[in-house]
Each structure stands twice: as structure tokens, then as C-alpha cells.
Amino acid sequence: MSHAATNWAIQQRGLKPATKIVLWHLCDRHNPDFGCFPTQARLAEDAEMSISSLNDHLKKLEALGLIRRIQCQDHRTKRRQATRYILGFEMADPQEPLPEIGDGQNGVDWENDTEPHPEFGVGANSEFEPDPSPKNRQSHLRNSETNLVREPLREPVKEEEDARARETDFDYFFRKLLIALGLEPDGPLPGWWQGWPALEHVRRWQTDLKLTEAETLEAAKASRHEHPEPPDGPKALDRIMQRVAQRKADEKSRDRREVHKPAKPACQPINDLPVFYADWVRSEKYLPPSAISNGMRDQMLARGLVTREQLRERGIQ
């Protein structure tokens, strides 16, 4: 939530109540550091209106220059992501509060105005004409609602709340990383540690190198022994993180080899010496005459384990 954004929304004049409510909820979803990325389902739930009505009000706001919609996609998978909303006060020329538009013939008849804005067109409105992406099929097309009585949203809201919780956890981890590197999270940071590029760079240590948060923090703390000064940006730590990931992979490979290595037969203790020596006498292994005492010879003979002939052949009298 951004108080500056919501205050700016309140200052806008001449909007119909429903349109202003949509603008206010957009501003309420604005994050000063990361921007505004609410889903249409989330906005419709907040404003208590259908997605169809929401799109109409978004078109009005865009035509007035109060918002600008930018379609985003993942640069790796090319899949559509949540639309980014650029609010008027974020643009190069911040919007002044609009004069009274009013109703009637001197105003703009928004209810019947279906022409797209000459500069922005229909923007991120999902009624655009081009064919949808094959991966997304028809998921982004507008499904105009005729029945405005809707079931309460559950899954989309839950997914967004989960995503927000994950972002909060990652922001907390990022702060701990800065502290481990000797940087002050709330103070002035070097330029390469600011904004979403730094966050994405650090996130790739987890997604690409498969490092856990604990492993990342440990490597960051260990780096201070080699480089007492904090690094200018996350890129300076790439080689250290790669070494940690390689060492982790080597240990995993070694453990895998240990698991598949055949176990050595355990040495069995000798519990019955007469049986052991009798087997030695009957075998073809070398047997020095002094290896068997007279007492052991007598025990083997008494138990019938060997014969006197076998003992004589092995040189034992």
C-alpha cells in the first residue's frame, strides 16, 4: 500500500464514483519499490464489481491519462504475467487533478463511448483482437458477464496472497543478505544493489544454482574474509556462489557413489578355535607345524574334527 498513491487518487476530480473507486483500489495495490501489478480478479473483488465493468472503468482511466497499462511476459518462458499499471503520478509529467467533467451534454458520455484512446488504444483491456498466445489459449480473453451476481473469489485471491507472502519472505531474506555483506538495508545503498534487477540477480542464485537461503547467507558471510569491503553489487559474488554450488554438486555426487559402492564383508569373529584349525588342516593353505599346539591337536582329535592321518600329512605329530 502506498499512502502517496492513494492520496493522489483522492485528489482527482470529475470522475464518476465507480471509476474513482477503481482508481483508488489500483493505488492501494501500488508498491513504492516494485510498482502496481494486481490481477483483474483481485481488482474486481476489491471494487465489488464484475470484470466486465472493471474493464470499462480501466478504459476510462486510461483514456484520461490517469493510468497506463503495460502487458508483461516472462523473458524465459514467454508466458503472460500480471499487467503492470503505471499510475499518473509515476509518469514523466504527473497528472494534475482533472477539472469538473460533469454530466449531460457538456460532459463525456462514458457509458456510450466505445472508441479507443488514440494514443493507448485499448491497452491491456482483454477485448483486443489479435489471436491469443498458443500457450495461454483463451485464458486472457474477456468473458463479458451478463449476470453480475458472482460467487466470492477464492482461488485467485489465495494465489495472489501466497505470492505476496513469498515476496515478503524474499524481501526479508534480501535484507539479511545485505546485513551479512556489511551493508545497511535502510541506509544509502550502492546503485547495483537497488531495485528489482538486484533482487532478480540474487533470486537466480536459488533458481539457477539451486542454493538455499542458508547456503547463500553463509557464503556471503565467508566472502567478507577475502573481501572486507562490501561488494558494489550482486554480480561481484557470482563466482563465490558458483564455487559453493559446484562444491555442493560434488558432495552430492560423492554421496551417491558411496551409496552404490558394494559393502565390504564384515570380518566374522572366531568363536570355535578347534573348528577353525580343523578347517585349516583340511584345506590346501600353507600350515606351519608350530601353528597348532598339542592341546589344540588333542581337542580336534577328541571331537573327531580331523584324523591322525590328516595331521601327519600336514607334519603335525
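Below is a short write-up of the structure. What you see as residue numbers is a count from 1 along each chain, following the sequence as written. Whole-chain, interface and lining totals are the exception, using all residues; otherwise, since this is a predicted model, local features are given only for residues with pLDDT of at least 70 and side-chain atom pairs are given and counted only at 80 or more. Computation of side-chain values covers all heavy atoms of the structure but excludes hydrogens and water.

1. Overview of the environment of Phe276
Threshold: Only DSSP runs of H or I with at least four residues qualify as helices, and only runs of E with at least two residues qualify as strands; both kinds are numbered from the N terminus onward. To sort residues, take the accessible area from a 1.4 Å probe on protein chains only and compare it with the maximum for the residue type: under 20% means buried, over 50% means exposed, and anything in between is partly exposed.
Inspection of the secondary structure puts Phe276 in helix H9 (residues 273-282). Given the relative accessible area of 35%, Phe276 is considered partly exposed. Counting along the chain gives 24 residues from Phe276 to Met300, while the straight-line C-alpha distance between them is 9.9 Å.

2. What about the packing of helix H2 (residues 17-28) against helix H3 (residues 40-47)?
Operational definition: Each axis is a line fitted through C-alpha atoms, and for a helix only the stretch in contact is used; angles between axes span 0 to 180 degrees, taken between their N-to-C directions. Convention used here: angles under 35 degrees read as roughly parallel, angles over 145 as roughly antiparallel, angles from 65 to 115 as roughly perpendicular, and any remaining angle as oblique. Helix crossings get a hand from a simple test, with the near helix turned counterclockwise from the far one by less than a right angle marking a left-handed crossing and a clockwise turn marking a right-handed one. Every residue pair with non-hydrogen atoms within 4.5 Å of one another is taken to be in contact. Amino acids are sorted into nonpolar (Ala, Val, Leu, Ile, Met, Phe, Trp, Tyr, Cys and Pro), charged (Asp, Glu, Lys and Arg) and polar (every other residue, Gly among them).
For the pair H2 and H3, the least separation of the axes is 10 Å and the interaxial angle reads 120 degrees. Relative to H3, H2 is oriented oblique. Here H2 and H3 pass one another in a crossing that is right-handed. When H2 is examined against H3, the residues Ile21, Val22, His25 and Leu26 are found in contact with a partner set consisting of Leu43, Asp46 and Ala47. The class makeup of the residues in the contact of H2 with H3 is five nonpolar, one polar and one charged.

3. Examining the packing of aromatic side chains
Threshold: Classification of ring pairs rests on two measures: the distance between centres of Phe, Tyr or Trp rings, Trp counted by its six-membered ring, which must be within 6.5 Å, and the angle between planes, read as stacked under 30 degrees, edge-to-face over 60 and tilted in between. As a reminder, the over-ring test applies to NZ of lysine and CZ of arginine, requiring each to be within 6 Å of the ring centre and within 35 degrees of the ring normal.
Per the stated rule, a full pass over the model turns up six aromatic pairs. Seen from their ring centres, Phe174 and Trp193 are 6.1 Å apart, and the 55 degrees between their planes marks the pair as tilted. In this pair, Phe174 is assigned in helix H5 (residues 155-180) and Trp193 in the loop between H5 and helix H6 (195-207), connecting sequence segments 19 residues apart. Trp193 shares its class with Phe174; the two are buried. Plain terms: the ring middles of Phe276 and Trp280 are 6.2 Å apart, the flat faces sit at 55 degrees to each other, and that makes the pair tilted. Of this pair, Phe276 and Trp280 both sit in helix H9, four residues apart, which is roughly one turn of the helix. Connected via pairs of aromatic rings, a cluster forms that spans Phe276, Tyr277 and Trp280. Looking at Arg203, its charged tip hangs above the ring of Phe170, at a distance of 4.1 Å from the centre.

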